[in-house]
Amino acid sequence: MKTIEIQHGRLVYAFCVDGRQGNPAFVFTTLPGEQINIDTCVDMAARLQSEVTWIQHGKTSSGICLRFFTPGGEIKFCGHGVLAAAAWLFHEVHTNNSFTFSIAGSTMQVERDRLGRWSYRQQEFASRPIESDAELAEAAHVMGLSSTQITYENGARLGRSCGALREKLFVELPDKSYLETIAIDAYRRDALCERHGVTGIYAFAIYRDERNPRVLARHFPIHCDEQEDMATGGIAPTAIRYAGLSLEEGEVIIEQGGPSCGNARLIVTNTASVLIRRIAGECVVGDARLP
């Protein structure tokens, strides 16, 4: 086994909005017998301020193993990193409309539909409310919002996922205007997340238009300073369930990232399996290779 440096890679933008924006992941690959220093992956994530997806060929019976890194270290799963890996391989090889990946000891299939969107299946987990005025007020302070406006009486809610690989704290806000003014306090966010045993704060509001309701969301992961996660696929079905929205009549769209929540578009639909949802999004492979 020889250790090499990351010689090239591409930024791939997953969950794009009509070919723009999206959540970036730096994707690179190694061949059998090649090894990358883990610190190199973490340093790359910190330098680019994006997740890193490492495609390892020949590591498992499925042939392709994925590993994921943030500035805080290695993580077990990254939804947009999965789609980015498939889009990268399709761009480089131009052969498959589906790939089977080994991720943290399990296999996952990623598919490309006729519209060119990539998707994978994600379990929907349970959630529970946190009925505490003090905890809701603290969540408001963490996000730089007034605790006199973020109350149970005016429609705000606090809860958490239960059973997910990376648990989240849910903060439902009264309307989308509150999402525009969030100013995260990273220190208090980390303390709040550690107290609840979660890996991030997922703030959202429900926006109802003439068609289907949409979820507008922002996610602030633990131990990432003020960095915002611009698309969060792993928790999407659970967030929709927590919000009380139904997938029975079609799809639910999550628009996520930045003050306007216009950075990413995640499309969640049903599958034939109970509590298994399909997470789909458009991916764009960047042109420039990075040293």
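This write-up is about the structure you can find in this document. (Residues numbered from 1 in each chain as written. Predicted model: local features only at pLDDT ≥ 70, side-chain atom pairs only at ≥ 80, totals over all residues. Heavy atoms only, no water.)

1. Thoughts on the nonpolar core
Turning to step 1, where the next piece is worked out: Residues Leu 66, Val 82, Phe 101, Val 110 and Ile 254 are the most contacted members of the largest nonpolar core, which totals 51 residues.
Turning to step 2, where the next piece is worked out: Each residue touching Val 110, except ones within four places of it in the same chain, is listed here: Val 82, Leu 83, Ala 86, Asn 97, Ser 98, Phe 99, Phe 101, Trp 118, Ser 119 and Tyr 120.
Turning to step 3, where the next piece is worked out: Grouped together as the second largest cluster of nonpolar side chains are 27 residues, Ala 156, Leu 169, Leu 192 and Ile 222 included. (Core = buried A, V, L, I, M, F, W, Y, C linked by side-chain atoms within 4.5 Å. Buried < 20%, exposed > 50% of the residue type's maximum accessible area, 1.4 Å probe, protein only. Contact = heavy atoms within 4.5 Å.)

2. Describing the pattern of salt bridges
Note that side chains of opposite charge can pair when their charged atoms are close.
Turning to step 1, where the next piece is worked out: This model, assessed by the stated rule, comprises 13 salt bridges.
Turning to step 2, where the next piece is worked out: Its salt-bridge partner being Arg 67, residue Glu 74 comes within 2.8 Å of it at the nearest N-O pair.
Turning to step 3, where the next piece is worked out: By relative accessible area, Arg 67 is classed as partly exposed at 22%.
Turning to step 4, where the next piece is worked out: Bridged by salt links that share partners, the residues Glu 124, Arg 241 and Arg 277 form one connected network. (Salt bridge = Lys/Arg side-chain N within 4 Å of Asp/Glu carboxyl O.)

3. Regarding the pairing of strand S8 (residues 98-103)
Turning to step 1, where the next piece is worked out: Relative to S8, strand S6 (residues 64-70) runs parallel, the two sharing two bridges. Directly across from Leu 66, in S8, lies its bridge partner Ile 103.
Turning to step 2, where the next piece is worked out: The pairing of S8 with strand S9 (residues 106-112) spans six bridges and is antiparallel. Counterpart to Phe 101 in the pairing with S9 is Met 108. (Pairing = 2+ DSSP bridges. Helix = DSSP H or I, 4+ residues; strand = E, 2+ residues; numbered from the N terminus.)

4. With respect to unusual backbone geometry
Turning to step 1, where the next piece is worked out: A positive phi is found at Gln 49, a non-glycine position, where the angle reads about 55°.
Turning to step 2, where the next piece is worked out: Of note, Gln 49 is situated in the loop between helix H1 (38-48) and strand S5 (51-57).

5. Some remarks on the side chain of Ser 161
Turning to step 1, where the next piece is worked out: Within the element layout of this structure, Ser 161 appears in strand S12 (residues 157-162).
Turning to step 2, where the next piece is worked out: For Ser 161, a relative accessible area of 0% translates into the label buried.
Turning to step 3, where the next piece is worked out: Only 2.5 Å separates the side chain of Ser 161 from the side chain of Glu 167, close enough to count as a polar contact.
Turning to step 4, where the next piece is worked out: The contact partners of Ser 161, leaving out residues within four places of it in the chain, are Ala 126, Ser 127, Glu 167, Lys 168, Phe 170, Ile 235 and Thr 238. (Polar contact = N/O pair within 3.5 Å; in protein donor to acceptor, adjacent residues only side chain to side chain.)

6. Examining the pairing of S5
Turning to step 1, where the next piece is worked out: The element S5 is extensively covered by neighbouring structure, given that six of its seven residues are classed as buried.
Turning to step 2, where the next piece is worked out: With six bridges connecting them, strand S3 (residues 23-30) and S5 associate as parallel partners. Its bridge partner lying in S5, Thr 29 is registered against Ile 55.

7. Side note on the side chain of Glu 124
Turning to step 1, where the next piece is worked out: You can see Glu 124 is positioned in the loop between strand S10 (118-123) and strand S11 (126-129).
Turning to step 2, where the next piece is worked out: A distance of 3.0 Å separates polar atoms of two side chains, one belonging to Glu 124 and the other to Arg 277.

8. Quick look at the environment of Val 198
Turning to step 1, where the next piece is worked out: With respect to the secondary-structure elements, Val 198 resides in the loop between helix H5 (186-196) and strand S14 (200-208).
Turning to step 2, where the next piece is worked out: Val 198 sits 31 residues away from Glu 167 along the chain, and the two C-alpha atoms are 4.7 Å apart.
Turning to step 3, where the next piece is worked out: Residue contacts for Val 198: discarding those within four places in its chain leaves Arg 160, Glu 167, Lys 168, Leu 169, Cys 193 and Ile 222.

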